[in-house]
Structure formats: C-alpha cells, structure tokens
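Examining the three-dimensional arrangement
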Amino acid sequence: MDVTGYLERLGLDAEPPSLAALGRLHAAHVERVPYEALEISLGRPTPLEPSASLARILRGRGGYCYHLNGAFSALLRELGYDVTRHLGGVQGGAADAPNVDRNHLALTVTGLPEDPSARWLVDAGLGDGIHEPLPLREGTYTQGPHTYRLRPSEVAPGGWRFDHDPSGSFAGFDFAPGAAKMADFAEKHAWLSTAPESGFVRVCVIQRRDAAGVDTLRALTLNRHGAKELVESPEAWWAAAGDVFGIPSALFTAEERERLWHTVVAQHEAHTSGGPVVAV
C-alpha cells in the first residue's frame, strides 16, 4: 500500500496511533476525499478491493462507503490501528425500517493508547456523516451543525445504531458486531451500481464534509452549507466539481464530461417535473 501517497492526499504526516492522530486522519479524509459515485453515472463497475479504491483516491477521486471506508481501514491498519469492518445498513428516510442489509460498510477502532478498551466509530463513507470519530457508547454527540445519537441496535444484537441529525441526508444506520470481509458486500455493491431502484443510479450526488457543515452537489443543485444555487451550465458544474469537491474535470474525457452533464440535467428535470429523485 502506498501509505506515503495516501497521507500526501490527506495533507498529513505519519504519526503513531493515538486518539488525536485518528481524529486528524478522519477529518482530513472527509474534507479532502469526496463522497461520489460518478463511475455509476457513467455505467462503469468499480471493484471492491481497497487497493483499487486507493488507486482511484490517489488519482484525485473519491467513492462511496465500500471504497472510502475500505481504503481508509486499510490505511489505518498500515499505520498500526486496530480496525474492524462491519456489516451495516443505512436507511434513507425515517419511514424505512432499520436493518443490516449490507448497503453500508461500517468501521470501528479500538486499542488506542489513551484507553485500550474503548471503541470508536469511524466513518469516512457517509457523505454528510461524522467529521471526527465518535466514542462507541450510548449518548448524543454534536459536531458542527449536526447532533447525532448512538444507541444499541434493535435489529443487530450486540451491534449499534447511529441516528443522524434530522437535517441529514439519511435517517441513520445499524451495524452488526462481528467482523466483515470485503467480499461480504459484493452482491449489494453490484445492486447499488446497476439496479434502476438504486439511489446511486437514480441521482448523481457529490458530497464533502468539513467542521462547519456539508457541501452537496445533487444533480444540478449545489448546496453549500445550506445555501442553494442551480448550476446552469456544464462549465459551472465541472467548476463546482473541481473547486468545491476537488474532482478535476481533466480526469474525464470530453465524451465522459458530456455524458455526465446530460445525465444530471435529465435527473434534475425528472425531479422538478415531480418524479422521485433520491439517493442513499
């Protein structure tokens, strides 16, 4: 694994494991590596292997939970952290029943020198999720404009439930207590990448979290920490992708840029005409 290149992407130097160092790694990841599924919008499958996700991150791209948390967990292990991957399930709305349907890869870290028995929720793959690790104990936690709740899961015995802030883009997620392998997510990854019902297929979303809030580009709507504007040209769309989310247009061919533009225009028009456009 190219640890040096990964840390350069995050703007950090290597340092021994600690809670403070973990916090710096987490914050840098969600601030610098965007949540995005542009490959799905282009109709291209992406591998699950963390090495492939890392290669894409090093090229200036991002991914969604399998890619981001897969690569981040591999980095943490290389740096000496005790990290566990878990089967998770994200619910998009409050009406969705809690579950662990494997549409999310969750992470926990333990063994930090400050308190080796303590466990921490780590998640760089939720778009508008947490900015820094959360202690894995029941309670409410505030980061920037968002307040979260952690509690024992009602659907995964021994697991945990994360309730998002009501203003967030999803209701929450549950995760099981045992360790998961990347192969455990293969079937769900294929469905999320190709099924017409998948939120990733239905709408193109890019997100970036920082200490003050969230930037989101959803089809043609750019939402910067709550201030919304309509992106009305391909030049403006790609400028936002680069300037706000750090995805250079030069990483895509002219034909790919045109295809993506036509895709997001069609999604916006479907949404404004009353068609459902949602994302997980």
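Just above, that's the structure.
Reading the values: rules and limits
- Residues numbered from 1 in each chain as written.
- Predicted model: local features only at pLDDT ≥ 70, side-chain atom pairs only at ≥ 80, totals over all residues.
- Heavy atoms only, no water.
- Pairing = 2+ DSSP bridges.
- Helix = DSSP H or I, 4+ residues; strand = E, 2+ residues; numbered from the N terminus.
- Buried < 20%, exposed > 50% of the residue type's maximum accessible area, 1.4 Å probe, protein only.
- Arc of directions from axis to C-beta.
- Contact = heavy atoms within 4.5 Å.
- Phe/Tyr/Trp six-rings, centres within 6.5 Å; stacked < 30°, edge-to-face > 60°.
- Lys NZ or Arg CZ within 6 Å of the ring centre and 35° of its normal.
- Salt bridge = Lys/Arg side-chain N within 4 Å of Asp/Glu carboxyl O.

With that settled, consider the sheet that holds strand β13 (residues 227–230). Judged by pairing direction, the sheet is antiparallel, and its 5 strands sit side by side in the order β1-β10-β11-β12-β13 without closing on themselves. At either margin of the open sheet sits one strand with a lone partner, and together these are β1 (35–36) and β13. When strand β10 (residues 205–210) meets strand β11 (residues 213–218), the two strands line up antiparallel, connected through 6 bridges. Across the sheet, R208 pairs through a bridge with D215, a residue of β11.

Let's shift gears to helix α6 (residues 186–194). In an α-helix, one turn spans 3.6 residues, which is why side chains three or four residues apart end up on the same side. When we look at burial in α6, the residues that qualify are H189, L192 and S193. Down the axis of α6, the buried set is contained in an arc of 95°. They therefore lie on one face. Exposed side of α6, more than 90 degrees from the buried face: E187 and T194 are the residues found there. In this fold, the buried residues of α6 make contact with α3 (38–41), α5 (65–78) and α7 (199–202).

Moving on, we come to the packing of aromatic side chains. Aromatic ring pairs are reported here in terms of the distance separating the ring centres and the angle at which the planes meet. Applying the stated rule across the entire model yields 10 aromatic pairs. Measuring from centroid to centroid gives 6.3 Å for Y35 and F200, while their planes differ by 45°, and the two rings are tilted. On the criterion of sequence distance, the pair formed by Y35 in strand β1 and F200 in helix α7 is long-range, its members being 165 residues apart. Residues Y35 and F200 agree in their burial class; the two are buried. An aromatic cluster of at least three residues, connected via ring pairs, comprises Y35, Y64, Y66, F185 and F200. For K188, the ring lying beneath its charged end belongs to W191, and the centroid distance is 4.8 Å.

The antiparallel open sheet is built from 8 strands, whose spatial order is β5-β4-β3-β2-β9-β8-β7-β6. What marks the edges here is a single partner per strand, and that holds for β5 (134–135) and β6 (139–143). Pairing geometry for β6 and strand β7 (residues 146–152), over 5 bridges, is antiparallel. Of the residues in β7, the one forming a bridge with T142 is T147.

Residues in a regular strand project their side chains so that they alternate between the two faces of the sheet. Burial along strand β9 (residues 172–175) is two-sided: the face carrying G172 and D174 and the face carrying F173 and F175 are both buried. Note: strand β2 (residues 82–91) against β9, 4 bridges, orientation antiparallel. By the bridge assignment, G89 is partnered in β9 with D174. Sheet topology note: the strand β8 (residues 160–163)/β9 ladder contains 4 bridges and is antiparallel. Bridging from a neighbouring strand, W160 pairs with F175 of β9.

Take the pattern of salt bridges next. Scanning all chains against the criterion turns up 15 salt bridges. The partner of E36 in a salt bridge is R61, and the shortest N-O contact between them spans 2.7 Å. Linking E36 in strand β1 with R61 in the loop between α4 (50–58) and α5, this pair joins segments that are 25 residues apart in sequence. The pair formed by E36 and R61 is uniform in burial state, with each residue classed as buried. With a closest N to O distance of 2.6 Å, R161 and D174 form a salt bridge. Separated by 13 residues along the polypeptide, R161 in strand β8 and D174 in strand β9 bring together distant segments of the chain.

Along the chain, Q91 turns up in strand β2. On the accessibility criterion, Q91 (1% relative accessible area) is buried. Apart from residues lying up to four places away in sequence, Q91 is in contact with D96, A97, P98, N99, R161, F170, A171, G172, F173 and D174.

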